[in-house]
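# Descriptive analysis of the structure
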Amino acid sequence: MITGQLKSDIDKLWDDFWSGGIANPLSVIEQISFLMFARLLDIREIREEKKASRTGKPFRRLFSDKPLADEVRGKMLGDLVKTEQDLRWSHFKHLNGEDMLRVVRDGVFPHFKTVAVDGARFGEYMKDAQLLIQKTNLLVTAVNTIDQLPLTKGDTKGDLYEYMLGKLTTAGIAGQFRTPRHIIAKMVEMLAPKPDEIIGDPACGTGGFLVQTMHYLLKTNTTPGMEYQDEDGSLVYPGDRLEPFRAHIQSGLLHGFDFDATMLRIAAMNLLLHNIEAPNIHYMDTLSNRFPEGFPAEAEGFFDIILANPPFKGSLDYEDVHPVLLKKVKTKKTELLFVTLILKMLKIGGRSATIVPEGVLFGSSKAHQALRRMLVDDNQLEAVISLPSGVFKPYAGVSTAVIVFTKGGRTDQVFFYDVQADGFSLDDKRIEVAENDLPDLLERWQQRNPKQDTDRTQRHFFVAADDIRANKYDLSINRYKETVYQEEQYEPPREILARMMDLEKEIMADMEELRGMLG
């Protein structure tokens, strides 16, 4: 949790960008990410230098100490940069504003494209990186502020980045909404991932599902008593039982894809700051023909778990959509195509919790019905969680639901839950409130019993698959929920009329008394 001076520093940095002419929150996050990345590269170089001095073993430098050719340095850098060592944070942070702007813009950013850390091709994320900061005083302020951030502290650096992501109030170019972290947390807890599994998100956005998966694994794989409080009082889980899985966690556990380059960079930075040093994040439109060509393994039968909130607005290049998906559901609606894609990417027995717009549950088009039939008849649809319509504010007021399903198997009973409060007000302010159904949702899910949870007047209940088939595969909870009406008791009309006449008499008596006082 970010509090106190650190929170104030981040807020001030945000305001500085705003007053410096960079008002788009996505651009602010991106520019801060670039600068944080520059500092993290220098931190890693310093760490490796110290290690080499102790062991005497050479290491692969991120910043070469060989002189740069004149044509590489170019006219803009001149004598400011003689080797890549001059592109390090610890060097350029001491320059004056004009020189710092030249070095960062013409030296540091082009250098990003060549960087590879521990097998992670950061150049893939940074190839289009551009410095939008044009004012020297803004760059100096940003560098000085980021230089003071605790980027070497295990959990704090991840928390401060999540705090900045919380300032995002605009959707991405394809209608991506930042999924509320408390909703993500419950979805992860419902699926309960294990450290030897492979978890993916075909439209990862800022990487929220992947980061929350790591939080869950750390918490559930910490020996009782090993947790401790940080300086802000938050509990830290070291995840000591994850040691046998470290190699898999660093490069094989988490996979994310996105075709928004800005989101991709933010996701990579988010995972890097949560101690995933080689994030498996790739630029890719997973609905396109290029996905199975570029990632043939990941495109089919690869994942144990997929957690997703795929975009369901924005444009779609219909001609580029993979024909295998269109064969299942012939539609231009991305939400239907993504659920079909997720089924394809899962292993047999693999499971998913995916957020979909409410229309997926009851839409009457052939594609809508085909998708629901596929979920119920060809796979195991396990749960439909209805969410309140304000969950995604201030981005949008759209009504959504979480569908939980397992690839293959057979659907016998489906668990329904009507979440009416998520712990925050359902307006644009999203202020924390006491009403919260999410803890009850998790408890009911973990203790679910189709034989006992049959009362359809409650918030949670089971519905038989045959009942769903009989209702044209309609999955909206209101189709099955029974509402109990309570008869209101009213006073008999004669008694109400008698009271009104008595009141009228009292008023007339008072008026007569007033007239008498006037003489």
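None of the values given here were measured: they were computed from a predicted structure.

Analysis parameters
Residues numbered from 1 in each chain as written. Predicted model: local features only at pLDDT ≥ 70, side-chain atom pairs only at ≥ 80, totals over all residues. Heavy atoms only, no water. Helix = DSSP H or I, 4+ residues; strand = E, 2+ residues; numbered from the N terminus. Buried < 20%, exposed > 50% of the residue type's maximum accessible area, 1.4 Å probe, protein only. Areas by Shrake-Rupley, 256 points an atom, 1.4 Å probe, with all protein chains shown as cover. Lys, Arg positive; Asp, Glu negative; His and termini not counted. Charge placed at Lys NZ, Arg CZ, Asp CG, Glu CD. Domains from an automatic or database assignment. Core = buried A, V, L, I, M, F, W, Y, C linked by side-chain atoms within 4.5 Å. Axes fitted to C-alpha atoms, helices over the stretch in contact; angles between N-to-C directions. Left-handed = near helix turned anticlockwise from the far one by under 90°. Contact = heavy atoms within 4.5 Å. Nonpolar A, V, L, I, M, F, W, Y, C, P; charged D, E, K, R; others polar. Salt bridge = Lys/Arg side-chain N within 4 Å of Asp/Glu carboxyl O. Polar contact = N/O pair within 3.5 Å; in protein donor to acceptor, adjacent residues only side chain to side chain. Pairing = 2+ DSSP bridges.

## Considerations on the overall build of the protein
In terms of helices and strands, the protein carries 20 helices and 13 strands. Its C-alpha atoms put the protein at 100 × 80 × 55 Å along the principal axes. In the protein, which comprises 519 residues, the share counted as buried stands at 53%. Counting only carbon and sulfur atoms, one obtains 50% of the accessible surface of the protein, whose full area is about 25200 Å². Counting 65 positive and 77 negative side-chain charges, the protein places the centres of these two groups 6 Å from one another.

## Here's the deal with the domain arrangement of the protein
Where interface size is given, it is often the accessible area lost as the parts come together that is meant. The domain architecture assigned to the protein consists of domain 1 (4-159) and domain 2 (177-479). Taking the mean C-alpha position of each, domain 1 and domain 2 sit 34 Å from one another.

## Considering the nonpolar core
Core analysis: the biggest nonpolar cluster contains 100 residues, and Phe92, Phe112 and Ile385 have the highest contact counts within it. Considering each element in turn, this core owes the most residues, 12 residues, to helix H2 (residues 25-55). Domain assignment of the residues forming this core places at least three in each of domain 1 (4-159) and domain 2 (177-479). Leu287, Leu325, Val356 and Phe405 belong to the second-largest nonpolar core, a separate cluster that totals 48 residues.

## What about the packing of helix H1 (residues 4-19) against H2?
The contact between H1 and H2 brings their axes to 11 Å, and the two run at 115 degrees. H2 is crossed by H1, and the crossing has right-handed handedness. When H1 is examined against H2, the residues Leu13, Trp14 and Phe17 are found in contact with a partner set consisting of Pro25, Val28, Ile29, Gln31 and Ile32. When grouped by side-chain class, the residues that make up the contact of H1 with H2 number 7 nonpolar, 1 polar and no charged.

## With respect to the pattern of salt bridges
Per the counting criterion, the structure on display carries 27 salt bridges. Asp11 is the salt-bridge partner of Lys7, the closest N and O atoms lying 3.5 Å from each other. Here the residue Lys7 and the residue Asp11 both occupy positions in helix H1, the gap between them amounting to 4 residues, near one helical turn. Look at the salt bridges and you will find they share partners, linking Asp42, Glu45, Glu49, Arg61 and Arg88 into a network.

## Describing the side chain of Arg456
Within the secondary structure layout, Arg456 lies in the loop between helix H18 (438-446) and strand E13 (460-464). Within the structure, Arg456 has its side chain in polar contact with the side chain of Asp467 (distance 2.9 Å). Apart from residues lying up to four places away in sequence, Arg456 is in contact with Phe461, Phe462, Val463, Asp467, Tyr480, Lys481 and Glu482.

## Some remarks on the pairing of E13
Judged by how many residues are buried, E13 sits mostly within the fold: 4 of 5 residues are covered. Where strand E10 (residues 413-418) and E13 come together, 5 bridges link them in antiparallel fashion. Residue Gln413 lies in a different strand from E13, and its bridge partner there is Ala464.

## Some words on the sheet that holds E13
The sheet built from 9 strands is open, its strands ordered E5-E4-E1-E6-E7-E9-E8-E10-E13 with mixed pairing. The sheet is open, and its two edges are formed by strand E5 (280-283) and E13, each paired on a single side. In this sheet, neighbouring strand axes are inclined to one another by 15 degrees on average, regardless of whether the strands run parallel or antiparallel. Along the sheet face, helix H9 (residues 181-191) touches strand E6 (303-308), strand E7 (346-357), strand E8 (380-386) and strand E9 (400-406) and points at about 155 degrees away from the line of E7.

## Brief notes about unusual backbone geometry
Here the phi dihedral of Lys472 falls at roughly 55 degrees; this positive angle occurs in a residue that is not glycine. With respect to the secondary-structure elements, Lys472 resides in the loop between helix H19 (465-470) and helix H20 (493-518). Its identity is not glycine, yet Tyr473 carries a phi of approximately 65 degrees, on the positive side. Among the structural elements, Tyr473 can be located in the loop between H19 and H20. The class for Tyr473 is buried, based on a relative accessible area of 10%.

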